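# Reading the structure
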Amino acid sequence: MKIAIIGAGLAGLTAAYELRDSGHQVDVYEATERIGGKLHTVAFDGGPTDMGAEAFMARRRDAVEFFTELGLADSLREPSGLGSLVWVDGTALPLPRGGIMGIPSSSESVAHLVSEETAKRIDAESDQPGFHWEIGADVNVGKLVRQRYGDEVVDNIVSALLGGVYSCTADDLGLRATIPQLAEELDRLAANGPVHLSTAVANLENARKELPTGQGAVFNTFAAGYQQLYETLAEKSGATIYVDAFISGITGDSAQGYTLNGGEQTTYDTIILAVPAPTAALLLKTIAPAAATALTAVKLADSVVVGLRFGSEEGLPMNSGVLVSTEATGVRAKAFTFASRKWPHLAERGGALVRASFGRFGDTIAIRASEDDLVDWALDDLKTITGFDGHVAGVEEIYVQRWFGGLPRFDEHHLDTIKAVNKELAGVAGVFVTGAWVSGVGVPAVIAHARTVAQAV
């Protein structure tokens, strides 16, 4: 069998690796000049530095076991454990460690970030009438939390946290699509009685306390960046990988085989699309028009990462980073990661490594801002928020990475869209889809889904 995988990001390379001993011909087509997709490690003089994803959920043991299978176990590194800050009303304050993605069960952990009135509202939520919750359905995160707790919790905490993961505010995201464990707990409450947000969060917090200790850090990264992962996958897959290979369309069917416009003169039995949703919609237009139409509902968020290496770390806060309230004025960045504080192996290089992040769904900063402006804004905002003067510390290296359509918007309709796409594709033999828009954000989720797809092939 001849298999074409379109997209050499994490999903496409994982699928290729999973098919390595299948006996089939596997060709991978990548439209850009490099592999890795949204994983991108750049060669700073100070050492390899990630400008895309920079960590993964190490509590996902399937991912750790997969990396061990790849021979990368010795390359995994744990963070320092330093806490993060959040910039609210012109002050950098500690980010709460409790709650579920910033949603608290009581005011205790967030009282310093909200007004006294909001704190009282949070604590009284469980005394109010419960709210209607449809089991299995999804709702808007921002709308639900605003209704139960008020605007400050959303703007100062929840959107700041979700913005770092999804490049969207809470008002653009679905609860089940982004915080599934909370949706499942609300399902359980709805099946047994009244539904309260604070009760659901408290139940999850208590369940977390009961987990066995000694599991190690929640997050890990790779000693030399994510390049270790995507280069290993490419090498060990045994697949033929074509870069700068833009596929503009797919024709044919399962009976006659599929041909790629822009690909090799080969007829393929199976196609795996490991590309962003809008690209998948274009490629499915001829061979699966109903699926393509359903996919047009998925919108993408643009963002930018500015990597800065300084000669000195003097004055940089002893924190892993800082998130910015969506209501903050006078700053443009949405977050900073103090990478050399967060990761001890990066601190060993000397100096300071900082990543500034810009852009949320619906804004155009990634498209319209020049590199000079982005760097200036990063330096200015860093000084405003932390007092750290990058010019005095000495800017030694800069890298600006624009992520056009970096992440899909996982709104409250997203899961229904995916169900509709999968239903349509079930009737199209030999065509599969994978990637973050299907599986959900996060390296372990993308890997798990891509492996499942490859096994199905």
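Above this text is the structure in question.
Residues numbered from 1 in each chain as written. Predicted model: local features only at pLDDT ≥ 70, side-chain atom pairs only at ≥ 80, totals over all residues. Heavy atoms only, no water.

## Topic: the overall build of the protein
- On a plain count of helices and strands, the protein comes out with 19 helices and 19 strands.
- In summary, the protein has a C-alpha radius of gyration of 23 Å against a globular reference of 23 Å for 457 residues, a match within 12%.
- In terms of principal-axis extent, the alpha carbons of the protein reach across some 70 × 60 × 45 Å.
- Roughly 19300 Å² of accessible area belongs to the protein as shown, and the carbon and sulfur atoms make up 48% of that amount.
- Seen as two clouds, the 36 positive and the 57 negative side-chain charges of the protein have centres 2 Å apart. (Helix = DSSP H or I, 4+ residues; strand = E, 2+ residues; numbered from the N terminus. Rg over C-alpha atoms; globule rule 2.2 N^0.38 Å. Areas by Shrake-Rupley, 256 points an atom, 1.4 Å probe, with all protein chains shown as cover. Lys, Arg positive; Asp, Glu negative; His and termini not counted. Charge placed at Lys NZ, Arg CZ, Asp CG, Glu CD.)

## A short note on the packing of aromatic side chains
- Evaluation of the coordinates by the stated rule reveals ten aromatic pairs.
- When the centroid spacing of 5.8 Å and the interplanar angle of 35° are considered together, the rings of F56 and F222 count as tilted. Taken together, the residues F56 in strand β5 (residues 56–57) and F222 in strand β9 (residues 219–222) connect sequence positions 166 residues apart. For the pair shown, F56 and F222 are each scored as buried.
- Ring geometry for Y166 and F410: centres 5.7 Å apart, planes at 70°, overall edge-to-face. Of this pair, Y166 sits in helix α5 (residues 151–166) while F410 sits in the loop between β18 (395–408) and α17 (414–425), and the two are 244 residues apart along the sequence. Exposure class is identical for Y166 and F410. Each is buried.
- A connected cluster of aromatic rings, assembled from ring pairs, spans Y17, F56, F66, F67, F222 and Y226. (Phe/Tyr/Trp six-rings, centres within 6.5 Å; stacked < 30°, edge-to-face > 60°. Buried < 20%, exposed > 50% of the residue type's maximum accessible area, 1.4 Å probe, protein only.)

## Quick notes on the sheet that holds strand β6 (residues 76–77)
- Judged by pairing direction, the sheet is antiparallel, and its three strands sit side by side in the order β5-β9-β6 without closing on themselves. The outermost strands of the open sheet, each flanked by one partner alone, are β5 and β6.
- Where β5 lies against β9, two bridges are found, and the strand directions are antiparallel. Within β9, the residue paired with M57 across the bridge is F219. (Pairing = 2+ DSSP bridges.)

## Regarding a negative patch on the surface
- Together, E371, D372, D373, D376 and D380 line one region of the surface with negative charge.
- Structurally, D376 can be placed in helix α15 (residues 371–386). (Patch = residues over 30% accessible without salt bridge, like charges linked within 9 Å, V, L, I, M, F, W, Y side chains within 5 Å. Salt bridge = Lys/Arg side-chain N within 4 Å of Asp/Glu carboxyl O.)

## Some details on the nonpolar core
- Counting residues in hydrophobic clusters, the biggest one holds 43 residues, and the most contacted among them are I103, V141, V145, L175, L182, L186 and L197.
- At the level of secondary structure, the elements contributing two or more residues to this core comprise β7 (84–88), α3 (116–124), α4 (141–149), α5, α6 (175–178), α7 (180–190) and α8 (197–209).
- If you tally residues by element for this core, the top one is α5, at eight residues. (Core = buried A, V, L, I, M, F, W, Y, C linked by side-chain atoms within 4.5 Å.)

## A look at the side chain of S159
- With respect to the helices and strands, the residue S159 is situated in helix α5.
- Leaving out residues up to four positions away in the same chain, S159 has contacts with V154, C168, T169, A170 and T326. (Contact = heavy atoms within 4.5 Å.)

## Concerning the pairing of strand β11 (residues 249–253)
- As paired strands, β11 and strand β12 (residues 257–261) are joined by five bridges and run antiparallel to one another. Across the sheet, residue G249 finds its bridge partner in β12, namely N261.
- Here β11 hands over to β12 after three residues, the two strands then running antiparallel side by side.

## Brief notes about empty space enclosed by the protein
- As enumerated under the stated definition, the model contains three cavities of 30 Å³ or more in all.
- Looking at the largest cavity, its volume works out to about 120 Å³.
- Every residue lining the largest cavity is counted, 15 residues in all, and those nearest its centre are T49, D50, E54, W343 and L346.
- Among the elements that line the lining of the largest cavity, the one with the most residues is strand β4 (residues 47–50), at three residues. (1 Å grid on protein atoms, 1.4 Å probe; cavity = no way out; pocket = protein on both sides within 12 Å on 5 of 7 lines; lining within 4 Å. Points joined across faces, edges and corners; volume = space filled by probe spheres on them.)

## Comments concerning the pattern of salt bridges
- Within this structure, the stated rule accounts for 18 salt bridges.
- For K342, the salt bridge is made with E54, and the minimal N-O distance between the two is 2.7 Å. With K342 in helix α12 (residues 339–342) and E54 in the loop between β4 and β5, this pair connects stretches of sequence that are 288 residues apart. In terms of burial, K342 and E54 fall into one category: buried.
- Note that R451 is salt-bridged to E69, the shortest N-O span being 3.8 Å.

## With respect to a nonpolar patch on the surface
- A cluster of nonpolar residues, M57, V218 and F219, forms a patch on the protein surface that exposes about 230 Å² of accessible area.
- Assignment of secondary structure puts M57 in strand β5.

## Section: the sheet that holds strand β15 (residues 321–324)
- The mixed open sheet is built from seven strands, whose spatial order is β8-β7-β15-β16-β17-β14-β18. Two strands in the sheet have a free side with no partner beyond their single neighbour: β8 (91–94) and β18. Averaged over all pairs of adjacent strands, the angle between their axes in this sheet comes to 25°, without regard to strand direction.
- The sheet contact formed by strand β16 (residues 335–337) and strand β17 (residues 352–358) spans three bridges and is antiparallel. (Axes fitted to C-alpha atoms, helices over the stretch in contact; angles between N-to-C directions.)

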